[in-house]
Amino acid sequence: MMFLSLRHLSSRKKQSALILLGIVIGTAAYVAISGMMLGFQDKLMDQLVNNDAHIRISAREDILTAEQLDSFENAKHVFWYTPPSGRKDSAKIDYPIGWFNRLNADPEIVAYSPQVNLNVIFNRGKVSLAGRMIGSDPHRQMRVTNIQSYMLSGKFTDVGSSGNRLIIGKALMNKIGASLSETILISSGKNTPTPFKIVGVFETGIKQIDETTVFSALSDAQNLRGAPSEITDIAIKVYHPFEVDQKVQNWRMGARDKIVSWQEASASILSVFKTQDIVRNSMTISIIVVAGFGIYNILSILVTQKRRDIAIMRSMGFTPKDIMLLFFNQGLLLGVLGGFIGLALGYLLCLLIGNIEVEAGRATSSSNRMIVSYDYLIYVKAWFIALFSSVASALWPSRQAAKLEPMDIIREGG
Amino acid sequence: MIRALHLTKRFSPTGPAVIDDLSVEIFDGNFISLVGRSGSGKSTLLYLISSLDRKYEGEVFYDQSEITHMPMQELHNLRNRQMGFVFQFHYLINELTALENILLPARKAGLLKEKESTAHELLKTVGLDEKAHRLPNQLSGGEQQRVAIARALIMQPKYLFADEPTGNLDTHNGDAVMNLFARFNQDHKTTIVYVTHDREFAKRASRQIELVDGKIVSDEAH
């Protein structure tokens, strides 16, 4: 029946071309929009997963209360003049060795890095800026995050194990007007500013990190904080970052410290991804549904127009299945062809989008161009959506055609 | 041989019988015209005995097989291989050329290549060998009806059924169609049953059956 289906399509060139155009646009739109959004998501996801710990154990920040410091439990005549309040000083992980033993014994852990995270003030000349210092063992830190790949100058290991050296975010360095090899003063707010030498510069593309963060050796950060041998965080990398939920739940049981997975830390961004996916799929489905209705309408009209043909074909021995295929094939052909042309057009659009130069940021490649995903699954999904919508829209009119009895058509005068 | 026994046809369960307890035998090689006034039931009888209408009381046998009990695939094969139909309106498929229209039953039977030379011969017989590649809308009404006849004959069917084949044609073209029927009946022993309201064309058949109110009132062989 393919022969006759093709003839039907070719004899209605304008109608066929319009339906085909609908499917092509729908498919191409899906490919281009998905390529753009997934490219952005992939890049961002890579940053979320690899720029920081998959799981972070950090010291719980306790708020002091009068009851916690009450040594005169039964002395009703003793009162505080000014009750204790505010954050407990020097939040720290109370029993890090316990965590280290646990992490060393866990086969799902790739690496972990004890850290000291502290808020600091950077001083250079008259410029003072608030920011954050992360003190760590550089070798351990490099196994946990991909910070080395963001180094613009120097190596991450240049901070060494002590010696007041630091790696600084490029934007922060620009803001305070410093340069490589220069010494700046850093204060934790409790003691006199300590000089640190800039030995490296990094740029992650994430403004809030690049503008505020410096990395130093663990002992240097501990000294600056005034609490040698204490740590505030343990950054952990696991083999399966998308399956950390259960582990985090288990660790939380009975633990006093705060344990946060990368997904919880990035919940707002991940929810944006979900919204993007819903928007992307809704948009494309709308286009494809419109094209599908086009096929449905045209085939329904065609079945009515071709009633005489159906009658004569049935009298020649063509079966109801043959008649169904005659119309169904047309939807199928349009879907297959429209799908393929749509994929090619979508690919071309992706190439064009990938060449658009944009301002440097999270969603750009190293050459400051739009990041586009060419994941084959986008193309497979787009083609199947095109095919499914075409086939589904062709099915009903085709079945109606197959049900027509030749005698009924002849008696009605065709 | 076709045998119709006690055929009764009503278009609604309580309506009048259009064909009323009618029995008839059609022998192989018969050339039969069905005549009668409008509403006499001649076209209805044609569709009943040709298997297109299978909703009736009574029985229609093709040799030993009763149509309503015949498996559907067998019925489709019977229509494809042993029957040809010609309607008052040609019912050609507009997207296909004259040659492709003629070859459509052969395409269904999977005998496209084998029947190609037969199709060209038929086109020659109906005088349209030079218009083989024309579309129906590029042919006159008479030419279209001749293409429809060639299509009905492509499988060299045992039975040819025609409903008012000359009804839409002028006398000259009507004559040409009747000549074709007579020739095929003689040359190929094709059983031909046709409905006509034209007394002159009815006389061209070797057997003339007249219907009045769904009953056979005369069945004469010449």
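Residues numbered from 1 in each chain as written. Chains lettered and ligands numbered in written order. Predicted model: local features only at pLDDT ≥ 70, side-chain atom pairs only at ≥ 80, totals over all residues. Heavy atoms only, no water.

1. Describing the overall build of chain B
Working step 1: The helix and strand tally for chain B stands at 8 helices and 10 strands.
Working step 2: Here chain B has a C-alpha radius of gyration of 17 Å; the compact-globule value for 222 residues is 17 Å, and the two agree.
Working step 3: Looking at chain B as a whole, 55% of its 222 residues are labelled buried.
Working step 4: Within chain B, contacts between residues at least 6 apart in sequence are counted, and of these 68% link residues at least 24 apart.
Working step 5: When the accessible surface of chain B is totalled, it reaches about 9800 Å², and 46% of it is carbon and sulfur. (Helix = DSSP H or I, 4+ residues; strand = E, 2+ residues; numbered from the N terminus. Rg over C-alpha atoms; globule rule 2.2 N^0.38 Å. Buried < 20%, exposed > 50% of the residue type's maximum accessible area, 1.4 Å probe, protein only. Contact = heavy atoms within 4.5 Å. Areas by Shrake-Rupley, 256 points an atom, 1.4 Å probe, with all protein chains shown as cover.)

2. Re the pairing of strand β3 (residues 127-136) of chain A
Residue and element names in this part refer to chain A.
Working step 1: Sheet topology note: the strand β2 (residues 109-124)/β3 ladder contains 10 bridges and is antiparallel. By the bridge assignment, Phe-122 is partnered in β3 with Leu-129.
Working step 2: Hairpin connection from β2 to β3: 2 residues lie between these consecutive antiparallel strands, with Gly-125 at a positive phi of about 60°.
Working step 3: Pairing analysis gives 5 bridges linking β3 to strand β8 (residues 213-217), with the strands arranged parallel. Counted as the bridge partner of Gly-135 is Ser-216 from β8. (Pairing = 2+ DSSP bridges.)

3. Comments concerning the layout of surface pockets
Residue and element names in this part refer to chain A.
Working step 1: Of the voids in this model, the largest pocket is the one considered here, and its volume is about 1300 Å³.
Working step 2: Together, 48 residues line the largest pocket, and Arg-56, Asn-117, Arg-132, Ile-134 and Asp-233 are the ones closest to its centre.
Working step 3: No other element matches the 4 residues that β2 contributes to the lining of the largest pocket.
Working step 4: Per-class residue counts for the lining of the largest pocket are 16 nonpolar, 20 polar and 12 charged. (1 Å grid on protein atoms, 1.4 Å probe; cavity = no way out; pocket = protein on both sides within 12 Å on 5 of 7 lines; lining within 4 Å. Points joined across faces, edges and corners; volume = space filled by probe spheres on them. Nonpolar A, V, L, I, M, F, W, Y, C, P; charged D, E, K, R; others polar.)

4. So, unusual backbone geometry
All names here are of chain B.
Working step 1: At His-6, a residue that is not glycine, the phi angle is positive and equals roughly 50°.
Working step 2: Along the chain, His-6 turns up in strand β1 (residues 2-10).
Working step 3: You will see that Asp-63, though not glycine, has its phi angle at about 55°, which is positive.
Working step 4: Mapped onto the fold, Asp-63 is located in the loop between β4 (57-62) and β5 (65-66).
Working step 5: Taking the relative accessible area as the measure of exposure, Asp-63 reaches 38% and is therefore partly exposed.

5. Section: the packing of aromatic side chains
Residue and element names in this part refer to chain B.
Working step 1: All chains considered together, the criterion is met by 16 aromatic pairs over all chains.
Working step 2: With centroids separated by 5.2 Å and ring planes inclined at 90°, the aromatic side chains of Tyr-62 and Tyr-159 adopt a geometry described as edge-to-face. Placement of Tyr-62 in strand β4 and of Tyr-159 in strand β7 (residues 159-163) is noted, with a sequence separation of 97 residues between them.
Working step 3: For the ring pair Phe-85 and Phe-87, a centre distance of 6.1 Å and an interplane angle of 5° mean the geometry is stacked. Phe-87 shares its class with Phe-85; the two are buried. (Phe/Tyr/Trp six-rings, centres within 6.5 Å; stacked < 30°, edge-to-face > 60°.)

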